[in-house]
Amino acid sequence: MSLISFFPDWMLTHGAAFLVVVPLIAGAIAAILPKRQIAAALTVAVSFICMLTSLLLVLQIIDGQTINYALGGWDAPHGIAYVVDGLNAPILFLISAIGFLVSVYGMPTIIAEVEPKKRAPFYAAFLICLAGLLGMVVTGDAFNVFVFLEVSSISTYSLVAMGASRDRRALTAAYNYLIMGSIGATFFVIGLGFLYMETGTLNMADMAVILREMEGGSRVSEIAFGFIIVGLGLKLAMFPLHTWLPGAYAHSPSMVTVFLASTATKAALYLLLRFVFTIFDVSFNYVFDVEIYLLAGLGMVGMILGSLQAIFQTDIRRVLAYSSVAQVGYMLLGVGLGTAAGLTAGYLHLMNHAVIKGALFMALGAFWYRYGITRVTDFNGLSKSMPWTMGAFTLGGLSLIGVPFTAGFTSKFRLVEAAFLKGWWWAVAIIVVSSVLAIIYIGRLLLAAYFQSPPEVNGHVVAKNEAPLLMLIPMWFLVLLSIAIGINADIMVDLAEGAASVLLPISAGATP
Amino acid sequence: MLTAFFENYNYYVVIILMMTGLYVVFSSRNLIKKLSGLSVFQTSVFLLYITIGKVEGGQPPIVSENHASNDSSVMVAGGGEAAIGHAGQMSDVLYSNPLPHVLILTAIVVGVATLAIGLALTVRIRETYGTIEEDELAMLDYTYNLEGTDA
Amino acid sequence: MTYSAEMALALTLLIPLIAAPLILICRSQTNIREAVTLIAAILLLVNVANLVVTVAGGARPTLLLGTFAGEFDVSLTLEPLGAIFMAIASSLWLLNSLFAIGYMRGNNEKNQTRFYVFVAIAISAAMGIAAAGNLITLFIFYEALTLSTFPLVTHKGDAKAKRGGTIYALILMGTSLALFLPAIVGTHVIAGTTEFRVGGVFPEGTSLLATSVLLFLFAFGIGKAALMPVHPWLPNAMVAPTPVSALLHAVAVVKAGVFSILKIVIFTFGPAVTAATPMSTILSWVAAISIVVASLIALRQDNLKARLAYSTVSQLSYVTLGAMLAAPAALVGAGLQIVMHAWGKITLFMCAGAIYTVAHRTNISSFNGLGRSMPWVFGAFLVGSLSIIGIPPMGGSWPKYFLMVGAIDSGKAILLAALIMSSILNVIYLTPIAIRGFLKPPDNPEKDTEIRAIAKAHPWVIIPPVITAMGALILFFFAGPISDFLIPVLPLDSF
């Protein structure tokens, strides 16, 4: 790959660690910076560097290689290893690229939404959150996952709470998120404890080898698996454990909502994939049962109930938040199918959904930025008052529904195909029903925006007031990306198939 | 039976603390009480880790020349091996594995950070709403939630 | 670049599409603007005529427009059924453009440029539907047609037009996304392709449940076919100016719907599979009920356009019925119904528009004696009505005949009752309009002499319906050639 030659040598060797260390240090620096502008510039620069670094990692692993980086020179399994392979490299790129777009997008919104004194700390928390998310994806050490999970979570709690100057409910939302998130993380760490008891190691690759030698291990591993699934389920908003999500998405500052919606649940889902398929193995009875009945089952329940709840919300951000719960269900269904086709579809949907939801939440942020609106009824006539933003929202919404030529169609279609191949007719029916529900909750917003007149204030129709370019450019970038994926998804499909082949090494290439 | 009880004594304590903590988190409507429940819950995990850190017949995890398998491509149960000890070198010494202690040191830090953020949030909630009872908070936001307004 | 069949196929889409921006450019010169529309329509008609001859010779011109998501082709393939739809849409576009000029000017409608632009785009989309080479392409042009006709439905821009437009878009987009699209995806997954092939694409041994579900999704997903209960968009679309109702809601849009159903039955399922699917029996009953119930509703409408709209709902279900019976005679009947009903119904709509332009009357109860002052219009209306009812020697009599034969062939003779009952209802709700115009004494004789004078000033709203009425008459003698033209797409040996 010729692109690699543009990067310096030290980056080739140390890229994995660089990705985590840079935002972590920059976060500490940002906290003490006196002015918002400097902190903002630092954030944009750091997230851009992270994006380049992760792009480099993707380029390095694209032919199926694995990068093993021994942190501090301590080799695995004694030291902490950072492992980059086909499964996590695309997620790393996704997180850092969204981080970059969001930090550009956030420049105007932060001024509007966060108190002046808290702007520099806001950026600090954002950078630490970025470092945490990247860290939990890049690391090959199970306990290190917990540490980074908490690093990202704790900074997220404070980020959500910073929405308080815009909406006081951000405080209670952050508190609820904190309680649920901590319980999830503690469950996860309990599971890790049991797993350590069983295997005597914390290195993921090592655990995998030992568990396979033990053929799944004793009851202790089963218990460990259960705790880990519940813990991660909380983090990724698996259906009945999703209660923290709508509040956290609805009341945090726009920039945080976009970032959370596109990355946080995705990183947790990555961990789920890693634990279910790589560390444990679907050939173990208990893992298989959980995969088929729990993940696929709850995924489908979430697809229907999440979409239904989305229909009845009055707050637009809650509509999209519940929609996220439903979309997580699609990904879980892909995971639950357990076939290479299903995993490819689920993984593809993970990436596509990040792009789509990012664009949609960016549009919502722009609506709030200009008119301070968050209610569904406030959508009236928005196509006239903010045509470009509404255009982005429309295309994003169509993509969420899964109209041809959009990213949503590509991944949903593959999911349907995978379900057919496995003979899961009912799953196909549920995908269809859930898509119909998506038509309703998105269609409702589009109808109001296009077929109603803008409201009148003091006898004057609300004037046209388009969002600033700094918000429009990242938004349209994501929208156009989702269209591009809809037209030609080859790169994404290659990445998703690469990820699936990491998860199911035996069947790689054997099944379509 | 009594022996079995005392052998697993630590685990019973862990379970009781864990369940107490979780119950307190879910049942109480006071934000501070919830946080204390959360702390108890997390503390129980520390105990769990410390309990499993005692290994009979272990030896210090010092990598010696003849044992070292620093070649990371050969995946061996290195950490586990160190903790359990080499075959034939089993001793009766009750040995403390340092790794769980180190882990739990990290977890304690994390727990303290979480608690700090939680308490800070509680303070802000008290300043903004004038109460830290969940039911009252829900009442105060009732109209907000009903209309989904921002104002 | 030489003029080949493929080139001609591309031109059918391109001519109206190029006309649209030209119309926009010439917006200040209204005469030139109208000339652009007419020239484009003539070019298109010549082009399509040429294609029809090519297709009759056995050629199937094919054109790949592009590929997306790695495995979905957007491609055009013209076969006889599509060629017939193309021929109707292009010939009626020309006549309707003449009528539209008379109507829009006669009523001083606003935003005339927008009107012509979107009609041109809609025609291009209809051509795409006619020539679609696979389901995905069909779906794309289907949605394009919905989107391009939306501004036409809401042309007036008042609250009523907006409400009608909302229902229009909601039902058509909703059903297509919720049912049509999943059906296409399902077809692709089961059959491995969405291409149209003579005899169908489903492999042998496809479960009846699967084909039943898919047939159901297609029948209701293609909302443009207006099968009850997804029909309400059609009466609501009547808020549009009459030329729109005439061209789109008698020809382009609704015929695109039933054409799609017919095409899917013949080329995706294959008549044999359709007939073997239990759902086709259920759907033929749904179609029969739609035929009768819509006729009954039409009977109660006093507003002429509303009555014609429900009549359209009823007549469209003849095509769906023919498709679901899937016997060769029934399929020929369905194909003929598309042609005959288009010519008959556009006549009626144009007459309604002429009456509105000249006399400013919309309610049937106010038509007393109007035929004496507007004899040509009412004469054309009578001819159109007779064709819709299916009385020889009108074109409309053939499809009814073939459908009845088809119903008997496929052993569902009981459906004859629905067809006969509908014909009786047609007589009851259509003939009194012309009779009232000719035989009842006028309510206000002085006013009618005035109308006679006004009618002279609007030749272009009167001539086109007279031409189409004559067409409906002449087509009686062309039923043979049309059915011969269609024979190659019907796998007769499968029965």
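To be clear, the structure that these remarks concern was listed above.
Residues numbered from 1 in each chain as written. Chains lettered and ligands numbered in written order. Predicted model: local features only at pLDDT ≥ 70, side-chain atom pairs only at ≥ 80, totals over all residues. Heavy atoms only, no water.

### Describing a nonpolar patch on the surface
Residues and elements named next belong to chain B. Here is the rule: In this scheme, patches are assembled from residues that exceed 30% relative accessible area and form no salt bridge. Like charges are connected within 9 Å, while nonpolar side chains (Val, Leu, Ile, Met, Phe, Trp, Tyr) are connected within 5 Å. Method for areas: the Shrake-Rupley scheme with a 1.4 Å probe, in which residue coverage is limited to the protein chains shown. The term salt bridge refers to a pairing of a side-chain nitrogen on Lys or Arg with a carboxyl oxygen on Asp or Glu at a separation within 4 Å. Secondary structure counts use DSSP, requiring at least four H or I residues in a row for a helix and at least two E residues in a row for a strand, with both numbered from the N terminus. Each residue is assigned to one of three classes by its accessible area relative to the maximum for its type, calculated with a 1.4 Å probe on protein chains only: buried under 20%, partly exposed between the two thresholds, exposed over 50%.
On the surface, a cluster of nonpolar side chains totalling about 640 Å² of accessible area is made up of Leu2, Phe5, Phe6, Tyr9, Tyr12 and Ile16. Note on placement: Tyr9 falls in helix α2 (residues 9–27). Judged by its relative accessible area of 42%, Tyr9 is partly exposed.

### Remarks on helix α18 (residues 469–487) of chain A
The test is simple: For a helix, the expected span equals 1.5 Å multiplied by the number of residues minus one. The contact rule is simple, with two residues in contact once any of their heavy atoms fall within 4.5 Å.
Across its 19 residues, α18(A) extends 26 Å between first and last C-alpha, which sits within 8% of the 27 Å expected from 1.5 Å per residue. In this structure, the buried residues of α18(A) make contact with α3 (89–113), α13 (340–371), α15 (387–401), α16 (407–422) and α19 (490–503) of chain A together with β1 (62–68) of chain C.

### Concerning empty space enclosed by the protein
Let me state the cut-off plainly: Residues are called lining when one of their atoms sits within 4 Å of a cavity or pocket point, these points coming from a 1 Å grid over the protein atoms alone, where a cavity is a set in which a 1.4 Å probe fits but cannot get out and a pocket is an open set with protein on both sides within 12 Å along at least five of seven lines. Grid points are joined across faces, edges and corners, and a volume is the space filled by probe spheres set on the points. In the scheme used here, Gly and all other residues not listed as nonpolar or charged are polar, with Ala, Val, Leu, Ile, Met, Phe, Trp, Tyr, Cys and Pro taken as nonpolar and Asp, Glu, Lys and Arg as charged.
Following the criterion strictly, the structure yields eight cavities of 30 Å³ or more and no others. Surrounding the largest cavity, 14 residues form its lining, Gly402(A), Ser435(A), Leu181(C), Pro182(C) and Val185(C) being those nearest its centre. Among the secondary structure elements, those contributing two or more residues to the lining of the largest cavity are α16 and α17 (425–451) of chain A together with α6 (159–191) of chain C. Of the residues in the lining of the largest cavity, the class split is eleven nonpolar, two polar and one charged. When its volume is computed, the second largest cavity comes out at roughly 100 Å³. Lining the second largest cavity are 13 residues, and of these Ser152(A), Ser153(A), Tyr177(A), Lys235(A) and Ala264(A) lie nearest its centre. Contributing elements (two or more residues each) for the lining of the second largest cavity: α4 (119–138), α5 (142–161) and α10 (254–279) of chain A. The leading source of residues in the lining of the second largest cavity is α5(A), at four residues.

### Considering the nonpolar core
Keep this limit in mind: Only buried residues count toward a nonpolar core, which is a set of Ala, Val, Leu, Ile, Met, Phe, Trp, Tyr and Cys residues joined through side-chain atoms within 4.5 Å.
Among the nonpolar cores identified, the biggest contains 421 residues, and Phe146(A), Phe280(A), Phe367(A), Phe379(A) and Phe393(A) are the most heavily contacted of them. A per-element tally of this core places helix α13 (residues 328–359) of chain C first, with 21 residues. For Phe393(A), the residues in contact, after removing those within four places along its chain, are Leu320(A), Leu360(A), Ala363(A), Leu364(A), Phe367(A), Phe379(A), Leu445(A) and Leu446(A).

### Digging into the layout of surface pockets
Considering only enclosed or pocket space, the largest pocket measures out at about 1100 Å³ in volume. Lining the largest pocket are 36 residues, with Thr394(A), Leu398(A), Leu446(A), Leu147(C) and Met173(C) sitting closest to its centre. At the level of secondary structure, the elements contributing two or more residues to the lining of the largest pocket comprise α15 and α17 of chain A together with α5 (135–153) and α6 of chain C. It is α17(A) that contributes the most residues to the lining of the largest pocket, nine residues altogether.

### Side note on unusual backbone geometry
Residues and elements named next belong to chain C. For the peptide bond that leads from Met228 to Pro229, omega is 10°, which places it in the cis range. In this model, Pro392 is joined to Pro393 through a cis peptide bond whose omega is 5°. Relative to the helices and strands, Pro393 is located in the loop between α15 (375–389) and α16 (397–409). At Asn111, a position not held by glycine, the phi torsion is positive, near 50°.

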